[in-house]
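These are the residues of each chain, in order.
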Amino acid sequence: MRRVLILTMAASFALVFVSVHAQEKKKAPVDVSKLPPPSDKKGLTYANDIKPIFDNSCIKCHGAEKPKGKLRLDNLEGALKGGEDGKVIEPGKSAESVLVHNIAHIGDEDDYMPPPNNKAHIPPLTKEQIGVIRAWIDQGAK
């Protein structure tokens, strides 16, 4: 009887722990009204318009060598694939794309990219750069 009680208590504790951990992982809704508007540029491509921005601001941490969070932004395929937490780009839906939330520094501060006060002293992306990335995603992220 004592073993059953101990096993029941252990199972209950594990269930509570998993439930609390799952609650912590849920992200609060992001206020997309704070996003800079998409650029009005048309015909944007990864190679011509986005890669130069990523090369200056993202590749140091999200390049071919040891990409943080297994997210590679040094090529289109990697950017669209996403990282260990899933997709970061929703083609056609920039306001729903985690990448846009993170580079615009809205939502969870722990996810801001580039991180404030980073060791490489990479500045945040400008509103214009974020607008170009948003327009590219809205145009299908090609």
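As shown above, the structure is provided for reference.
All values reported here derive from a predicted model rather than from experimental measurement.

1. Digging into the overall build of the chain
Tallying secondary structure elements over the chain gives six helices and zero strands in all. Reading the chain from its N terminus to its C terminus gives the helix and strand order α-α-α-α-α-α. Among the 142 residues that make up the chain, the fraction classed as buried is 31%. Long-range pairs, those at least 24 residues apart, make up 58% of the contacts in the chain with a sequence separation of at least 6.

2. Digging into the packing of aromatic side chains
Evaluation of the coordinates by the stated rule reveals two aromatic pairs. Centre to centre, the rings of Tyr46 and Trp136 are 6.1 Å apart; their planes meet at 50°, and the pair counts as tilted. Of this pair, Tyr46 sits in helix 2 (residues 46-57) while Trp136 sits in helix 6 (residues 127-138), placing them 90 residues apart in sequence. Tyr46 gets classed as buried once you look at its relative accessible area, which sits at 6%. Members of the aromatic cluster, each reached through a chain of ring pairs, are Tyr46, Phe54 and Trp136.

3. Some remarks on unusual backbone geometry
The peptide bond linking Met113 to Pro114 adopts the cis configuration, its omega dihedral lying at -20°. Within the secondary structure layout, Pro114 lies in the loop between helix 5 (98-103) and helix 6. Of note, His121 is a non-glycine position whose phi angle comes to about 60°, a positive value. Relative to the helices and strands, His121 is located in the loop between helix 5 and helix 6. The exposed category is assigned to His121, whose relative accessible area is 69%.

4. Here's the deal with the pattern of salt bridges
In total, this model carries two salt bridges according to the counting rule given. The partner of Lys51 in a salt bridge is Asp55, with the nearest N and O atoms 3.0 Å apart. Residue Lys51 and its partner Asp55 are located together in helix 2, separated by four residues, close to a single helical turn. Exposure remark for Lys51: the relative accessible area of 27% places this residue in the partly exposed category. Take Asp55: its relative accessible area is 39%, and that puts it in the partly exposed class. A salt bridge links Arg72 to Asp74; the shortest N-O distance between them is 2.7 Å. Taking the relative accessible area as the measure of exposure, Asp74 reaches 17% and is therefore buried.

5. Side note on the nonpolar core
Membership of the largest hydrophobic core comes to 26 residues, with the highest contact counts inside it found for Ile50, Phe54, Leu73, Ile89, Leu99, Ile133 and Trp136. Contributing elements (two or more residues each) for this core: helix 2, helix 5 and helix 6. With six residues, helix 6 is the single largest residue contributor to this core. In contact with Leu99, other than residues within four places in its own chain, are Phe54, Leu73, Val88, Ile89 and Ile133.

6. Points about the layout of surface pockets
Put simply, the largest pocket is a space of about 1,000 Å³. Along the walls of the largest pocket sit 38 residues, with Asp85, Asn102, Asp110, Asp111 and Met113 positioned nearest its centre. Elements with a minimum of two residues in the lining of the largest pocket: helix 1 (2-25), helix 3 (59-62) and helix 5. Broken down by element, the residue count for the lining of the largest pocket peaks at five residues, all from helix 5. In terms of residue class, the lining of the largest pocket is made up of 17 nonpolar, nine polar and twelve charged.

What counts and what doesn't
- Residues numbered from 1 in each chain as written.
- Predicted model: local features only at pLDDT ≥ 70, side-chain atom pairs only at ≥ 80, totals over all residues.
- Heavy atoms only, no water.
- Helix = DSSP H or I, 4+ residues; strand = E, 2+ residues; numbered from the N terminus.
- Buried < 20%, exposed > 50% of the residue type's maximum accessible area, 1.4 Å probe, protein only.
- Contact = heavy atoms within 4.5 Å.
- Phe/Tyr/Trp six-rings, centres within 6.5 Å; stacked < 30°, edge-to-face > 60°.
- Salt bridge = Lys/Arg side-chain N within 4 Å of Asp/Glu carboxyl O.
- Core = buried A, V, L, I, M, F, W, Y, C linked by side-chain atoms within 4.5 Å.
- 1 Å grid on protein atoms, 1.4 Å probe; cavity = no way out; pocket = protein on both sides within 12 Å on 5 of 7 lines; lining within 4 Å.
- Points joined across faces, edges and corners; volume = space filled by probe spheres on them.
- Nonpolar A, V, L, I, M, F, W, Y, C, P; charged D, E, K, R; others polar.

Read these as spatial facts, not as claims about activity.
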